[in-house]
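Below, each chain spelled out in residue letters.
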Amino acid sequence: MFRWMFTIFFAICVLSAAAPWLTKLGIGRLPGDLRLRWRGKEMVFPFASTIVLSLVFNLLIRLL
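All of these numbers come straight from a predicted model, not from anything done at the bench.

Novice: What should I look at first to understand a nonpolar patch on the surface in this one?
Specialist: A cluster of nonpolar residues, L34, L36, W38, M43, F45 and F47, forms a patch on the protein surface that exposes about 590 Å² of accessible area. Those elements giving two or more residues to the nonpolar patch turn out to be β1 (34-38) and β2 (41-45). Looking at the nonpolar patch element by element, the count peaks at 3 residues for β1. Inspection of the secondary structure assignment puts F47 in helix α3 (residues 47-63).

Novice: Just to check I follow, could you spell out the environment of L22 for this structure?
Specialist: Inspection of the secondary structure puts L22 in helix α2 (residues 19-25). On a C-alpha basis, the gap between L22 and S49 in space is 10.0 Å, while along the polypeptide they are 27 residues apart. If near-sequence neighbours (up to four positions away) are discounted, L22 is found in contact with L15 and I27.

Calculation criteria
- Residues numbered from 1 in each chain as written.
- Predicted model: local features only at pLDDT ≥ 70, side-chain atom pairs only at ≥ 80, totals over all residues.
- Heavy atoms only, no water.
- Patch = residues over 30% accessible without salt bridge, like charges linked within 9 Å, V, L, I, M, F, W, Y side chains within 5 Å.
- Areas by Shrake-Rupley, 256 points an atom, 1.4 Å probe, with all protein chains shown as cover.
- Salt bridge = Lys/Arg side-chain N within 4 Å of Asp/Glu carboxyl O.
- Helix = DSSP H or I, 4+ residues; strand = E, 2+ residues; numbered from the N terminus.
- Contact = heavy atoms within 4.5 Å.

So this is what it looks like as structure tokens:
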């Protein structure tokens, strides 16, 4: 269980650091992604981007 928690934590850190670069590619701005502004803060819920990225990674893993 510790291994999964560490993997998820590491993935969140990497994706958070890569967020500005991914935004330039269009990830995070797909039609199924939600952006909410509340009290001057912006919250992003990238539902569609998550599905697209998981499909791409799944295809890469299957090809390798």
